[in-house]
Amino acid sequence: MSLQSVRSLNFFAILATGYISLTSIHRESIFLEELKECSKRI
């Protein structure tokens, strides 16, 4: 994978995480914590 495609995938992952967190802001989600941990590793 080229660096550009990795960056775009990371960008879309951040967008998806932001959307999910906005739609489920009233409840804590283990799934969101997992996504945050994965995005830190990238």
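Preceding this paragraph is the structure being described.
Below is a short write-up of the structure. Because the structure is predicted, anything quoted here is derived from the model rather than measured.

Comments concerning the overall build of the chain
Logical step 1: Scanning the chain for helices and strands turns up two helices and zero strands.
Logical step 2: Entry remark: accessible area of the chain is about 3,800 Å², with carbon and sulfur atoms responsible for 66%.

Points about the packing of aromatic side chains
Logical step 1: Tallied over the full model, the rule gives one aromatic pair.
Logical step 2: Pairing Phe 11 with Phe 12 gives two aromatic rings, centres 5.8 Å apart and planes at 65°, and the pair type is edge-to-face.
Logical step 3: Phe 12 gets classed as exposed once you look at its relative accessible area, which sits at 54%.

Focus on a nonpolar patch on the surface
Logical step 1: Among the surface-exposed residues, Phe 11, Phe 12 and Leu 15 lie close enough to one another that they form a single nonpolar patch of about 340 Å² accessible area.
Logical step 2: For Leu 15, a relative accessible area of 47% corresponds to the partly exposed category.

Topic: the environment of Ser 39
Logical step 1: With respect to the helices and strands, the residue Ser 39 is situated in helix H2 (residues 30-41).
Logical step 2: You can call Ser 39 partly exposed: its relative accessible area is 31%.
Logical step 3: When the C-alpha atoms of Ser 39 and Ile 14 are compared, they prove to be 7.8 Å apart, with 25 residues separating the residues in sequence.

Reading guide: rules and limits
- Residues numbered from 1 in each chain as written.
- Predicted model: local features only at pLDDT ≥ 70, side-chain atom pairs only at ≥ 80, totals over all residues.
- Heavy atoms only, no water.
- Helix = DSSP H or I, 4+ residues; strand = E, 2+ residues; numbered from the N terminus.
- Areas by Shrake-Rupley, 256 points an atom, 1.4 Å probe, with all protein chains shown as cover.
- Phe/Tyr/Trp six-rings, centres within 6.5 Å; stacked < 30°, edge-to-face > 60°.
- Buried < 20%, exposed > 50% of the residue type's maximum accessible area, 1.4 Å probe, protein only.
- Patch = residues over 30% accessible without salt bridge, like charges linked within 9 Å, V, L, I, M, F, W, Y side chains within 5 Å.
- Salt bridge = Lys/Arg side-chain N within 4 Å of Asp/Glu carboxyl O.

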